[in-house]
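# Architecture and fold: a report
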Amino acid sequence: MDLTLKVWRQAGPDAEGGFKTYEANGVSPEASFLEMLDQVNEKLNEAGEEPIAFDHDCREGICGMCGVMINGHPHGPQDGTATCQLHMRKFSDGDSIVIEPWRSTAMPVVRDLIVDRSPFDRIVEAGGFITINTGAAPDANMTRIPKEAADSAMDAASCIGCAACVAACPNSAANLFTAAKMQHLNLLPQGQPERYTRAVAMVETMEAYFGSCTNHGECEAACPKNISIDFIAMMNRDYVKAQFKNFARAGQA
Amino acid sequence: MEEAAVTDTASPKLDARIPDGPIQDRWDNHKFDVNLVNPANKRKYEIIVVGTGLAGASAAATFGELGYNVKAFTYHDSARRAHSIAAQGGINAAKNYPNDGDSIYRLFYDTVKGGDFRARESNVYRLAQVSNAIIDQTTAQGVPFAREYGGLLDNRSFGGAQVSRTFYARGQTGQQLLLGAYHALSRQVAAGTVELHTRSEMLDVVVKDGRAVGIVVRDLVTGEVASHSAHAVVLATGGYSNVFFLSTNAMACNATAVWRAHRKGALFANPCFTQIHPTCIPASDEFQSKLTLMSESLRNDGRIWVPLDPDDRRPANDIPEDERDYYLERQYPAFGNLVPRDVASRAAMRIIDQGGGVGPLRNGVYLDFASAIERLGKNTIEERYGNLFEMYERITDEDPYEVPMRIYPAPHYTMGGLWVDYNLMTTVPGLYAVGEANFSDHGANRLGASALMQGLADGYFVLPATIGDYLSDWLNTEPVSTEDDVFVDAVAAVNERTEQFLAIGGTRSVDHFHRELGKIMIENCGLARSREGLEKAISEIKALRAEFWSDLRVLGTAENLNQSLERAGRVADFLELAELMCLDALDREESCGGHFRVEHQTEDGEARRDDENFSHVSAWEWIDVDTPQELHREPLTFEYVPPSQRSYK
């Protein structure tokens, strides 16, 4: 396949960026999207131009490191697929492909297609955990968990933290990420003792960095793990209920 | 029973500090015997943890909870991305919830035997002992393990185990366990006990008066090279399968941290013990950048076969039952498709080498779910393996519900690593190695679902209990200042090396050299190894290394984010490690586990171990790049599991 790429190049966080056009010729339809970029980089290196910087690691769709806008779609045209799992057979010979980094004020460009997603870590640090020290756990089968709840928690926990949801959102909201991280824990009995304080802490930290959700649903459509916006509704419910709690007297009850 | 002959007296450099007494009591006795740091004094200590995968994140979080001051480093943008996240199948523990006869002793026994009698009994026993606490801990953290309808935890049999002892979270167990550790770590970051440095790559260990006092780190965004000092340094930096270029490891996985430590005096143990995993998706073309693993759990329900006639080119579904060779079921009737990884990989390789492979490049064998779907229904198969089937379909464009998968063996895990004693300390005092970075628990072959267990055992339970023994000697001493000459010199050396990469100005990319190295290694130091091939490989590696240092092209500068520069350092280290792997494989004149020397096999092609001469750990000492490394031996004795020929027939 012969393709024309328009790629965002930006030398650093404060540098001015712009699109550059590259020809990618002789691309195998069996290649993954990132392998196609590898080949372009190989040729750039030969020609004396610095390779395109992009984040990637496991190339199995699980680490969440990769992700670029491909023709305006986070992770490209295939549903439920991270950039690394997208293969060139989904494109046609002669196609023009526009490749950009995620766009969000909260996640500035570091270089070329790489952005800084560290606000996600701040949201988790605010309360996206269960407080338990190593060694203090009871027997794992002491608490029974309905299979449905465990399965639902697992659905939420599948989030890979790639930030496609933020990139897809017209408001740059991080509600799908935050909801997935929160409901993973709030759905489980182990998560109950901190359920509502967690909701408040994570939502307020999220709001310090990101825009507000106005229910466009673009995040769900872009999510490579097909995480449902139901979790956003559940997060909102927990957050609202938290406003009526007397934590000091009644805990999370 | 006859005890294996001790092949050599232990090298004085290798005091494994294995406790005395009955094996069941050793860990408890040891915890009582080691020195502790009292709770009020822990805050006086600094500990550096490099790597935030399962072992590193769990260790850093636990140190923080205990009150130590921790600095954790990862080259990723977040502590949640390490390659532990890609582990699919599960984690073993001796809970015996299914009431099928499992016990700590059986997990210990299976692991020693599965490792082909090249692991330390005491370490393995401890691993089996703490396995149950890992399940308790991670469940309490909210890891959503699979459950039965009654709400209790589900178990499955995995990788040839004859009991169901594997806990799993769909096909994403590594992801969920890593998130658990990442959550625990995040809690400590918020509490201020752990200072987390992301996009920071360790480029050297700093040693003063023979002990580890800190590290040198490059900020991958700004290019700034800085020193960090501490009372102890923990390396949790994973394995080195990427020496083969094509492997199931993530692209950035590398050996730089352990190799830099090795060059500073940490002995490297059993470098030739590498694992080739039998169920990966075959390469489709020469531009392939990595191989994708399909969880071993698939072998629970899939049947492996090839056409009886190697020239049979019909589509798989058109080949009738009686013209198929279910070769594992035929050769190993007792274990069938569930033989351990090394056995399954070699059997597939034999068939492919003889021209019996399937697929367009004839580089695979079939893994067929038709009979499982018929027996259990598509829904059950989808529930068990849905995400794996989907991943397979994404990559190959074939639907495994309809046509058999094609699989191929690929480098996956390295049992070798830095030599550590029972406390997980390397031969450099104050320098520890945990998880895949050390060599200690898996011998010559790792069993499925045991890597997650070992990483978390080391990080949550073993190291936090043993590190005090060393630290207590340094109470009320400040860490060595980063102004000290040892740090200044180390930073200068790192900067000089970086400048060297940029100054070569040759014609070839880093990937070119990595790919060439991979070809040499997979051909000569992969599934089957011979004296002739290994000697050839060593001379080819030396030639490639010389070419690397004269013809490498790294563009750009060291003052900003430069991914070619990052890779150059990693490949430069692989080019040295590869030679040591071949040297170790040459020296080990036997076949055991993942190490198969063609000169040492039985008449029917099985591995032939030599307990008379090789029942030891080989630990190598760095001299300099032009001098062969010096071999030290730690004899292995087996008091509880008498060495036997592994038989899965």
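Note that the structure is a prediction, hence the values are computed from the model and not measured.

This paragraph deals with the overall build of chain A. Summing up its helical and strand segments, chain A has nine helices and seven strands in all. Its C-alpha atoms give chain A principal-axis dimensions of about 70 × 40 × 35 Å. Counting every position in chain A, which comprises 253 residues, the buried fraction comes to 54%. Long-range contacts, defined here as pairs at least 24 residues apart, represent 70% of the contacts in chain A between residues at least 6 apart.

For chain B, the helix and strand inventory stands at 16 helices and 19 strands. A compact globule built from 649 residues should have a C-alpha radius of gyration of about 26 Å, and chain B, at 24 Å, falls within 12% of that. In terms of principal-axis extent, the alpha carbons of chain B reach across some 75 × 60 × 50 Å. Counting the 649 residues in chain B, one finds 61% classified as buried.

For the rest of this paragraph, the subject is the confidence of the model for chain B. Residues and elements named next belong to chain B. Residue-level pLDDT values for chain B average 95, and 99% of them are 70 or greater. Segment residues 1–7 is flagged for pLDDT under 50; beyond a separation of four residues in sequence, or across chains, it makes 17 contacts in the model. Here the predicted complex scores 0.97 on pTM and 0.98 on ipTM.

The next thing to look at is the interface of chain B and chain A. With 62 residues of chain B at the contact, the number on the chain A side is 64 residues. Looking at the side of chain B that touches chain A, the elements that each hand over two or more residues are α2 (54–66), α4 (121–140), α5 (173–191), α10 (378–396) and α15 (563–587) of chain B. No other element matches the nine residues that α5 of chain B contributes to the side of chain B that touches chain A. Tallied by class, residues from the side of chain B that touches chain A come to 23 nonpolar, 24 polar and 15 charged.

Residue and element names in this part refer to chain B. Relative to the helices and strands, Leu-463 resides in helix α11 (residues 451–471). Spatially, the C-alpha atoms of Leu-463 and Leu-424 are 6.8 Å apart, while their sequence positions differ by 39 residues. Not counting residues up to four positions away in its chain, the partners in contact with Leu-463 are Ala-59, Val-234, Leu-424, Tyr-432, Val-434 and Asp-458.

Our focus in this paragraph is the sheet that holds strand β14 (residues 365–368) of chain B. All names here are of chain B. Taking strand neighbours across the sheet as the criterion, the five strands line up as β11-β15-β14-β12-β13 in an open arrangement whose pairing is antiparallel. If you trace the sheet from one side to the other, it starts and ends with β11 (274–280) and β13 (324–325), each paired once. Here strand β12 (residues 303–307) pairs with β14 via three bridges, running antiparallel. From the neighbouring strand, Arg-303 faces β14, where its bridge partner is Asp-368.

Right, let's talk about the sheet that holds strand β7 (residues 211–219) of chain B for a bit. All names here are of chain B. The three strands are arranged β6-β7-β8 in an open sheet whose pairing can be described as antiparallel. Of all the strands in the sheet, just β6 (200–208) and β8 (225–229) have a single pairing partner and so form its edges. Sheet twist, expressed as the mean angle between neighbouring strand axes with direction ignored, is 30°.

Residues and elements named next belong to chain B. α4 packs onto helix α1 (residues 23–33) with a crossing angle of 80° between their chain directions and a minimal axis gap of 9 Å. The pairing of α1 with α4 is recorded here as roughly perpendicular in orientation. Of the residues in α4, those in contact with Ile-23, Arg-26 and Trp-27 of α1 are Glu-121, Ser-122, Tyr-125, Arg-126 and Gln-129. Of the residues in the contact of α1 with α4, the class split is three nonpolar, two polar and three charged.

Before going further, it helps to spend a moment on the environment of Gln-183 of chain A. Residue and element names in this part refer to chain A. For Gln-183, the position within the fold is in helix α5 (residues 175–186). Residue classification places Gln-183 among the buried positions, given that 27 C-beta atoms sit within 10 Å. Sequence separation between Gln-183 and Thr-81 is 102 residues, and the spatial gap between their C-alpha atoms is 22 Å. Those residues within four positions of Gln-183 in sequence are excluded, and the remaining contacts are Ala-156, Phe-231, Met-234 and Met-235.

Quick look at unusual backbone geometry now. Of note, Arg-170 of chain B is a non-glycine position whose phi angle comes to about 45°, a positive value. Along the chain, Arg-170 of chain B turns up in the loop between β4 (166–167) and α5.

One frequently used descriptor of interface size is the decrease in accessible area upon assembly of the parts. Splitting chain A by domain gives domain 1 (3–111) and domain 2 (117–250). Grouping the constituent residues of the side of domain 1 of chain A that touches domain 2 of chain A by class yields eight nonpolar, eight polar and one charged.

Moving on to the domain arrangement of chain B. Residue and element names in this part refer to chain B. Split by domain assignment, chain B resolves into domain 1 (277–410) and domain 2 (482–635). Taking only C-alpha atoms, the centre of domain 1 and the centre of domain 2 are 32 Å apart. Listed by partner, the interface residues are six residues for domain 1 and five residues for domain 2. Top element by residues in the side of domain 1 that touches domain 2 is helix α8 (residues 341–353). It accounts for five residues. Tallied by class, the residues present in the side of domain 1 that touches domain 2 amount to two nonpolar, one polar and three charged.

It is worth spelling out the pairing of β14 of chain B at this point. Regular strands place side chains that alternate from one sheet face to the opposite one. Residue and element names in this part refer to chain B. Burial along β14 is two-sided: Val-365 and Leu-367 and Tyr-366 and Asp-368, pointing in opposite directions, are all buried. Where β14 meets strand β15 (residues 405–414), three bridges bridge the pair, whose relative direction is antiparallel. Of the residues in β15, the one forming a bridge with Tyr-366 is Arg-406.

Turning our attention to α5 of chain B. All names here are of chain B. For α5, built from 19 residues, the straight-helix expectation of 27 Å at 1.5 Å per residue is met to within 8% by its first-to-last C-alpha distance of 27 Å. Taken across its 19 residues, α5 has 17 buried, putting it largely inside the fold. A positive backbone phi angle near 85° is found at Gly-192, which sits one or two residues after α5.

Residues and elements named next belong to chain A. Sheet topology places strand β1 (residues 3–9) next to strand β5 (residues 96–100); four bridges connect them, and they run parallel. Looking at the pairing, Thr-4 lines up with Ser-96 of β5. Bridging between strand β3 (residues 69–70) and β5 involves two bridges; their strand directions are antiparallel. Along β5, the bridge assignment pairs Ile-70 with Ile-99.

The rules behind each value
Residues numbered from 1 in each chain as written. Chains lettered and ligands numbered in written order. Predicted model: local features only at pLDDT ≥ 70, side-chain atom pairs only at ≥ 80, totals over all residues. Helix = DSSP H or I, 4+ residues; strand = E, 2+ residues; numbered from the N terminus. Buried ≥ 20, exposed ≤ 12 C-beta atoms within 10 Å, placed from the backbone. Contact = placed C-beta atoms within 7 Å. Rg over C-alpha atoms; globule rule 2.2 N^0.38 Å. pLDDT = per-residue confidence, 0-100. Nonpolar A, V, L, I, M, F, W, Y, C, P; charged D, E, K, R; others polar. Pairing = 2+ DSSP bridges. Axes fitted to C-alpha atoms, helices over the stretch in contact; angles between N-to-C directions. Parallel < 35°, antiparallel > 145°, perpendicular 65-115°, else oblique. Domains from an automatic or database assignment. Expected span 1.5 Å × (residues − 1).

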